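Architecture at a glance
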Amino acid sequence: MGGFPILSMMLLVPFIGAVICMFVDAKPARQVALAATLIDLAFGVLLWLNYDIGGAQWQFTERAPLFAGFNYALGIDGIALLLIVLSVFLMPICILASWDSIQKRVGEYMAAFLFMETLMIGVFSAQDLFLFYIFFEAGLIPMYLIIGIWGGANRIYASYKFFLYTLLGSVVMLIAMLWMVNASGTTDIPTLMNYDFPVQAQTWLWLAFFASFAVKMPMWPVHTWLPDAHVQAPTAGSVILAGVLLKMGGYGFIRFSLPMFPEASAHFAWLIYILSMAAVVITSLIALVQHDMKKLIAYSSVAHMAIVTVGLFSFNQQGLEGSMVVMLSHGLVSGALFLCVGVIYDRLHTREIDRYGGLAINMPKYALFFLLFTMASIGLPGTSGFVGEFLSLVGIYKVSSLVTLICTTGIILGAAYMLYLYRRVAFGEQTNADAASMVDLDLREWLMLGPIALAVLWMGVYPESFIAPIRQDIAALDARLARAAPAGDARIVTGTPRAKAANSMPEGGHSAKAETVTEGKH
Amino acid sequence: MDFAHSLGLTAPEVFLSLSGLVLTLVAAWGGRSSARLATVLAVSALVGAMVITLGQFGSDANGEAFGGLYRADAFSSFAKVLIYIATIACLAVTPKFFVRGNEYRPEYPLLMLFGAIGMGLMVSATDLMTLYIGLELSSLSSYVLASFARSDERSAEAGLKYFVLGALASGILLYGMSLVYGFAGSTSYTMIRPAFDGTLGMGALFGVIFMLAGLAFKISAVPFHMWTPDVYEGAPTPVTAFFASAPKVAAITMTTRVTIEAFGHQSDAWRQIVIFAALASIVVGALGAIGQSNIKRLLAYSSINNVGFILIGLAAGTVAGASAMLVYLTIYVVMSVGSFVAVLMLRDTDGNQVETISDMAGLSQTKPLLAWCLLFLMLSLAGIPPLFGFWGKFVVFQAAVQANLVILAALGIAASVIGAYYYLMIGKVMFFDEPADVVQAKGDLQHWVVLGVATLFVSPLGYLLTKPLGALAGRAASALFQIG
């Protein structure tokens with residue numbers, strides 16, 4: 001990109017947009033927000049097109065010694081690239097989703113969202129430990145305001161819970177970061193990723209980082225903030241929460257915990273497995289009995305994130321790549337599902353599943369989209385969900401068949417609760433007259449759901465586009481983890497190979513064969 | 001050791017004292033009508049003293065004056081500049097505050113000025129006698145200032161409470177000083193330091209502990225914090241803003257100098273006390289604030305909470321720790337002055353002070369700018385990045401980790417989450433609740449200027465100051481460790 005500071009620009013555009021939105025009326029605020037997010041989307045596309053696959057590990061790097069104690073250092077690898085693209089892709093959709101449903105204090109709302117976008121891009125592109133921390137933590141403030149001001153009935157409890165839960169997780173991480181910087185003498189993330197901390201210290205550091213990322217992820221049993229926050233947040237807030245904020249936990253594991261503390265990661269892998277298995281089974285069962293659509297999807301998010309964690313801690317290429325794809329796919333699919341809920345919530349103002357029914361009759365286009373995303377959430381081949389879950393489970397199968405077995409039940413249970421949800425909402429009798437009279441999707445909603453549907457299918461049919469940028473980075477991570485990788489339980493016994501392939505032809509081709517046949521006849 | 005040299009070193013105090021005497025005459029002859037003039041003169045005197053101090057800081061002039069009673073170095077200069085700035089800011093917002101009750105008199109700037117002299121002496125003291133004189137000079141001014149709103153019962157009560165408890169604390173401090181003198185044979189820091197080498201006898205240890213207890217009262221650290229909420233609530237709001245800023249800087253820097261210079265060889269003896277006071281202040285400050293319904297009481301607990309974080313820097317006992325304390329103090333002073341100014345701008349339709357938190361409900365819809373400023377300040381006090389308050393906590397905890405106090409740092413930062421709860425509560429009341437429509441703030445220019453500067457300082461733009469601030473604080477802190 002010839003020295004053009006594209007990452008800084010991507011941070012700056014929404015920030016300026018946010019400042020403008022604070023001071024203008026509702027209508028221009030919406031337009032400014034949409035424009036700013038679209039500009040950032042264009043930058044994101046540009047970033048992807050210019051990313052040199054197979055080139056240097058860190059690209060688009062920027063560095064300025066602005067502060068004491070830490071640097072303004074940006075740069076991305078393939079992993080960060082995809083997550084940034086996911087963020088900028090979802091943002092304009094969020095703005096569209098809030099176009100009509102947010103009527104009070106629009107300027108502040110749009111400002112909070114744009115500020116959020118700045119911080120998300122900052123988290124994924126920061127190359128300095130403390131810069132990362134500042135972006136990571138700062139995200140709490142706009143999200144707190146979004147949930148608290150524009151949320152549902154129980155929004156205040158949810159906003160507190162969200163804020164304090166995640167804050168407690170992260171402050172411990174700050175102490176660990178301070179220790180790391182003190183021990184290694186650098187705040188540079190790429191350097192730290194190859195720094196070998198003493199094994200003893202790794203244990204504590206890993207736990208401190210785990211405290212933060214497990215809450216963000218969220219892992220069972222510290223997931224309880226998520227259903228509350230999701231249910232109370234406005235639609236776009238849920239989309240951003242599920243689509244991008246949860247990915248910060250996974251990104252944290254892949255960027256910090258695994259490469260910086262490989263031995264400790266291997267040491268604690270069992271903890272991750274147990275929590276993930278528990279999460280898959282328990283939250284899937286909880287999702288099965290929900291009456292609230294958003295809560296159901298929120299619990300399904302916890303189950304999907306558990307697949308991500310087992311994939312990450314499988315210490316092999318398939319598992320790690322699979323986790324990344326699950327994260328991207330879940331970002332799209334759960335975001336889309338929340339949008340689907342939002343579409344009908346805007347019409348009927350309830351999230352109660354029983355208040356709907358038979359929507360396939362009066363809203364066929366909506367039902368089609370909803371079906372697609374339901375199937376993607378289940379992991380049907382051809383959709384993005386399948387690719388990621390399959391790879392993750394292959395990865396973990398190399399380590400433990402038991403864990404795989406239990407985690408796979410998540411897919412079956414996932415099919416159960418998602419299909420059950422879909423049946424109750426879209427099929428069956430039209431018992432509620434008001435639900436039966438709802439109109440189908442309008443243009444704005446098409447613009448929201450259409451691009452996500454295309455992306456889901458693209459990722460499902462040709463995942464190579466998404467795996468290619470991360471392949472090299474995952475390979476580097478895999479190489480770093482190799483010394484600590486746990487042994488698999490499969491104990492594959494490799495026999496001595498046959499000298500010839502089973503279907504190989506004897507020497508001499510047809511004539512020789514004919515001879516043997518004749519010999520056999522004798 | 002000529003006299004002129006000593007006078008040169010003490011120039012800021014000398015200048016302020018002379019100005020104070022002139023102001024006394026102005027006040028005596030000018031009467032009540034000269035209040036505005038006196039304020040302007042006091043502010044210019046403080047600006048003058050600040051210029052002198054900056055000159056000393058710039059030329060790195062340091063040395064001892066009057067036979068080791070007084071010391072001017074980078075550390076004292078840094079603290080003094082901070083004190084003068086805080087005093088000027090508090091003076092600037094005061095006259096408008098008293099306009100309604102017509103209670104403003106020229107004694108007010110005069111007392112502030114004498115308080116500033118006392119505080120200057122405190123931070124420069126290198127002898128227990130100077131320390132005590134400075135402390136009393138500033139305390140006595142504070143007692144009178146607390147009860148300045150004479151028609152207000154709460155103000156009188158605050159003044160009395162502050163005086164009685166302050167006198168008790170001074171007594172404890174004096175008792176400790178007498179023990180220290182008895183065992184060291186001198187009141188000079190430079191003499192106490194070698195005398196308190198090796199194992200500390202029981203009596204000397206008692207002296208150290210009593211002195212720390214007395215000092216803990218002055219900085220309102222737990223368990224000597226009980227006066228703070230009452231005094232902060234009762235005193236007129238600009239006075240509260242003053243109490244939360246300048247005297248706190250003076251008392252904390254004075255404590256730092258005593259512990260590092262005089263008891264430098266006994267860090268094990270005082271460190272555990274400081275650690276306890278730090279953690280207890282953080283926890284009690286956070287828990288105590290949760291139940292408060294009065295914003296000034298809440299900010300009082302917040303100041304107790306913040307003192308705890310500052311003491312973590314002292315517990316580290318290193319150059320980095322002292323420098324972190326100074327950085328934290330700087331940020332803290334701006335935040336607390338800003339918050340109190342925002343509070344004193346809250347008035348109802350009759351012009352009465354609004355102090356109840358529930359009356360601030362929905363402020364973001366009626367007075368958006370004020371609400372956003374206050375939200376920034378609150379979240380900054382809570383130490384949430386990207387606001388600048390985070391940087392103060394960051395450097396303090398960094399110093400603690402570097403000094404191998406990882407457990408202390410982890411406990412302290414975990415307890416800071418409790419504190420975040422009540423700062424969020426203010427945000428919740430202002431932003432999430434339905435408007436109560438009580439506040440009719442029509443801020444005056446001075447108030448908006450001070451509030452605006454404070455808000456800009458705590459905004460992410462503040463991070464651009466980290467380099468110069470860190471360099472200055474580092475220079476000041478290393479001056480402290482040059483001795484011995």
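Positions within a chain are numbered from 1, following the residues in the order the chain's sequence is written. Whichever chain is written first becomes A and whichever ligand is written first becomes 1, with later ones labelled in order. Note on the predicted model: pLDDT of at least 70 is required for a residue's local features to be given, and 80 or more for side-chain atom pairs to be given and counted; whole-chain, interface and lining totals, by contrast, use all residues. Here the side-chain values reflect all heavy atoms present in the structure, with hydrogen atoms and water set aside.

Turning our attention to the overall build of chain B. Put simply, DSSP H or I for four residues or longer makes a helix, DSSP E for two residues or longer makes a strand, and each gets a number counted from the N terminus. Scanning chain B from N- to C-terminus turns up 20 helices and two strands. With C-alpha atoms as the basis for the radius of gyration, the globule rule is written as 2.2 Å multiplied by the number of residues raised to the power 0.38. Against the 2.2 N^0.38 benchmark of 23 Å for 484 residues, chain B shows a C-alpha radius of gyration of 21 Å, consistent with a compact globule. Expressed as lengths along the three principal axes of its C-alpha atoms, the size of chain B is roughly 65 × 60 × 40 Å. In what follows, residue pairs with any heavy atoms lying within 4.5 Å of each other are defined as contacts. In chain B, the proportion of contacts linking residues at least 24 apart, taken out of those at least 6 apart, comes to 82%. In summary, the charge assignment counts Lys and Arg as positive and Asp and Glu as negative, without counting His or the chain termini. Each charge is placed at NZ for Lys, CZ for Arg, CG for Asp and CD for Glu. Side-chain charges in chain B split into 24 positive and 25 negative, and the spacing between the mean points of these groups amounts to 3 Å.

Moving on, we come to the packing of helix 11 (residues 237–262) of chain B against helix 14 (residues 319–344) of chain B. What describes two packed helices is the angle between their axes and the distance between those same axes. All names here are of chain B. Following both chains from N to C, one finds helix 11 and helix 14 inclined at 170°, their axes separated by 8 Å at the closest point. As the angle between them shows, helix 11 and helix 14 are arranged roughly antiparallel. For the pair helix 11 and helix 14, contact is made by Thr 237, Pro 238, Thr 240, Ala 241, Ala 244, Ser 245, Lys 248, Val 249, Ile 252, Thr 253 and Thr 256 and by Met 325, Leu 326, Leu 329, Tyr 332, Val 333, Ser 336, Val 337, Phe 340, Val 343 and Leu 344, respectively. Each axis is a line fitted through C-alpha atoms, and for a helix only the stretch in contact is used; angles between axes span 0 to 180 degrees, taken between their N-to-C directions. By definition in this entry, angles of less than 35 degrees are roughly parallel, angles greater than 145 are roughly antiparallel, angles of 65 to 115 are roughly perpendicular, and the rest are oblique.

Note that an α-helix has 3.6 residues per turn; residues three or four places apart therefore point the same way. The length a helix should cover is 1.5 Å for every residue beyond the first. With 20 residues, helix 3 (residues 78–97) of chain A should cover 28 Å at 1.5 Å per step; its first-to-last C-alpha distance of 29 Å lies within 8% of that length. For each residue, the accessible area found with a 1.4 Å probe, counting protein chains only, is set against the maximum for its type, and the residue is called buried under 20%, exposed over 50%, and partly exposed in between. Counting buried residues in helix 3 of chain A gives 20 out of 20 residues, a clear majority hidden from the surface.

Moving on, we get to the interface of chain A and chain B. Size of an interface, as often reported, equals the accessible area lost when the parts are brought together. The interface is formed by 34 residues belonging to chain A together with 35 residues belonging to chain B. Between chain A and chain B, roughly 3,300 Å² of surface is buried when both sides are summed, and carbon and sulfur atoms account for 80% of that area. By buried area we mean how much accessible surface two parts lose on assembly, using a 1.4 Å probe and totalling the loss over both. Ranking the residues of chain A by area buried against chain B places A:Tyr160, A:Ile175 and A:Leu178 at the top, with a combined share of 17%. We count a salt bridge whenever a side-chain nitrogen from Lys or Arg sits within 4 Å of a carboxyl oxygen from Asp or Glu. In this assembly, chain A and chain B are joined by zero salt bridges. We define a polar contact as two N or O atoms separated by no more than 3.5 Å, with the added condition that, inside protein, one atom must be a possible hydrogen donor and the other a possible acceptor, whereas residues neighbouring each other in sequence contribute only through side-chain atom pairs. Counting the contacts that link chain A with chain B gives nine residue pairs in polar contact (both at pLDDT 80 or more). Of all elements in the fold, only helix 4 (106–125), helix 5 (129–138), helix 6 (140–150) and helix 7 (155–184) of chain A reach the threshold of two or more residues within the side of chain A that touches chain B.

Moving on: the confidence of the model for chain A. Across chain A, the average pLDDT comes to 86, with 97% of residues at 70 or higher. Predicted confidence is poor over residues 514–522 of chain A, with pLDDT under 50, and the contacts of this stretch with residues over four places away or in other chains come to zero contacts. What pLDDT expresses is the predictor's confidence in each residue, scored from 0 to 100.

This part is about the layout of surface pockets. Space inside the largest pocket adds up to approximately 1,700 Å³. Lining the largest pocket we find 50 residues, and of these A:Phe15, A:Val19, A:Phe115, B:Phe376 and B:Pro460 sit closest to its centre. Looking at the lining of the largest pocket, the elements that each hand over two or more residues are helix 1 (6–22), helix 4, helix 5 and helix 6 of chain A together with helix 15 (363–366), helix 16 (368–382) and helix 19 (445–458) of chain B. Within the lining of the largest pocket, the residues separate by chemical class into 40 nonpolar, eight polar and two charged. Of the grid points, spaced at 1 Å and generated over the protein atoms alone, those admitting a 1.4 Å probe that cannot get out make up cavities, while open sets with protein on both sides within 12 Å along at least five of seven lines make up pockets; any residue with an atom within 4 Å of a point is treated as lining. Grid points are joined across faces, edges and corners, and a volume is the space filled by probe spheres set on the points. Computed from the structure, the second largest pocket encloses a volume of approximately 600 Å³. Lining the second largest pocket are 23 residues, with B:Leu82, B:Ile85, B:Thr330, B:Val334 and B:Phe457 sitting closest to its centre. Polar here means any residue other than Ala, Val, Leu, Ile, Met, Phe, Trp, Tyr, Cys and Pro, which are nonpolar, and Asp, Glu, Lys and Arg, which are charged; Gly is therefore polar.

The gaps of empty space that remain are located by a probe, the size of a water molecule, rolled over the atoms. Scanning the entire structure with this criterion turns up eight cavities of 30 Å³ or more. As for the largest cavity, its lining consists of 13 residues, and the residues nearest its centre are B:Ser142, B:Tyr162, B:Lys218, B:Pro247 and B:Ala251. Sorting the residues of the lining of the largest cavity by element identifies helix 6 (128–146), helix 10 (227–234) and helix 11 of chain B as the ones contributing at least two each. Its residues assigned to classes, the lining of the largest cavity comprises eight nonpolar, three polar and two charged. By volume, the second largest cavity amounts to about 110 Å³. In this structure, the second largest cavity is lined by 16 residues; those nearest its centre are A:His304, A:Ser329, A:His330, A:Ala376 and A:Ser377. Taken together, the elements giving at least two residues each to the lining of the second largest cavity come down to helix 14 (293–312), helix 15 (317–348), helix 17 (364–378) and helix 18 (384–397) of chain A. The biggest single contributor to the lining of the second largest cavity is helix 15 of chain A, with seven residues.

With that settled, the discussion passes to the confidence of the model for chain B. Residue and element names in this part refer to chain B. In this model, chain B carries a mean pLDDT of 88, and residues with pLDDT of at least 70 account for 98%. Mean pLDDT in chain B bottoms out at strand 1 (residues 63–65), which sits at 82, and peaks at helix 6, which reaches 93. With pTM at 0.89, the complex prediction returns an ipTM value of 0.87.

Per the stated rule, a full pass over the model turns up 25 salt bridges over all chains. Ionic pairing is found between A:Asp196 and A:Arg483, a salt bridge with its closest N-O pair at 2.9 Å. With A:Asp196 in the loop between helix 8 (189–192) and helix 9 (199–216) and A:Arg483 in the loop between helix 22 (464–481) and helix 23 (509–521), this pair connects stretches of sequence that are 287 residues apart. According to the relative accessible area criterion, A:Arg483 is partly exposed, its value standing at 45%. B:Glu157 serves as the salt-bridge partner of B:Lys161, at 2.9 Å between the closest nitrogen and oxygen. Here the residue B:Lys161 and the residue B:Glu157 both occupy positions in helix 7 (residues 153–184), the gap between them amounting to four residues, near one helical turn. Note on B:Lys161: relative accessible area 28%, which makes it partly exposed. A relative accessible area of 45% means that B:Glu157 is categorised as partly exposed.

All right, on to unusual backbone geometry then. The omega angle of the peptide bond from A:Met217 to A:Pro218 is -10°, so this bond is cis rather than trans. Relative to the assigned elements, A:Pro218 resides in the loop between helix 9 and helix 10 (225–232). The omega angle of the peptide bond from B:Pro385 to B:Pro386 is 10°, so this bond is cis rather than trans. Note that B:Pro386 resides in the loop between helix 16 and helix 17 (389–402). Not every positive phi belongs to a glycine, and B:Phe66 is a case in point at roughly 50°. Using a relative accessible area of 34% as the deciding quantity, one classes B:Phe66 as partly exposed. For B:Ser220, which is not glycine, the phi dihedral falls at a positive 50°. Structurally, the position occupied by B:Ser220 is in the loop between helix 9 (202–218) and helix 10.

On to the packing of aromatic side chains, then. Pairing of aromatic side chains here covers Phe, Tyr and the six-membered ring of Trp, requires ring centres within 6.5 Å, and sorts the geometry by plane angle: under 30 degrees stacked, over 60 edge-to-face, intermediate tilted. Per the counting criterion, the structure on display carries 63 aromatic pairs over all chains. Note on A:Phe132 and A:Phe136: the rings are 5.2 Å apart at their centroids and 25° apart in plane angle, and the pair reads as stacked. Remark: A:Phe136 and A:Phe132 occur in helix 5; sequence separation between them is four residues, near one turn of the helix. If you follow A:Arg424 out to its NZ or CZ, it ends over the ring of A:Tyr420, 3.8 Å from the centre. The rule for a charge over a ring is simple: NZ of Lys or CZ of Arg within 6 Å of the ring centre, and within 35 degrees of the ring normal. Stacked on the ring of B:Phe57, the Lys or Arg B:Arg475 has its end atom at 4.3 Å from the ring centre.

Attention now goes to the environment of A:Asn50. Mapped onto the fold, A:Asn50 is located in helix 2 (residues 26–50). With 10 residues separating them in the primary sequence, A:Asn50 and A:Phe60 have C-alpha atoms 9.4 Å apart.

This paragraph deals with the environment of B:Ala4. By the secondary structure assignment, B:Ala4 is in helix 1 (residues 3–9). Under the relative-accessibility criterion, B:Ala4 is labelled exposed at 53%.

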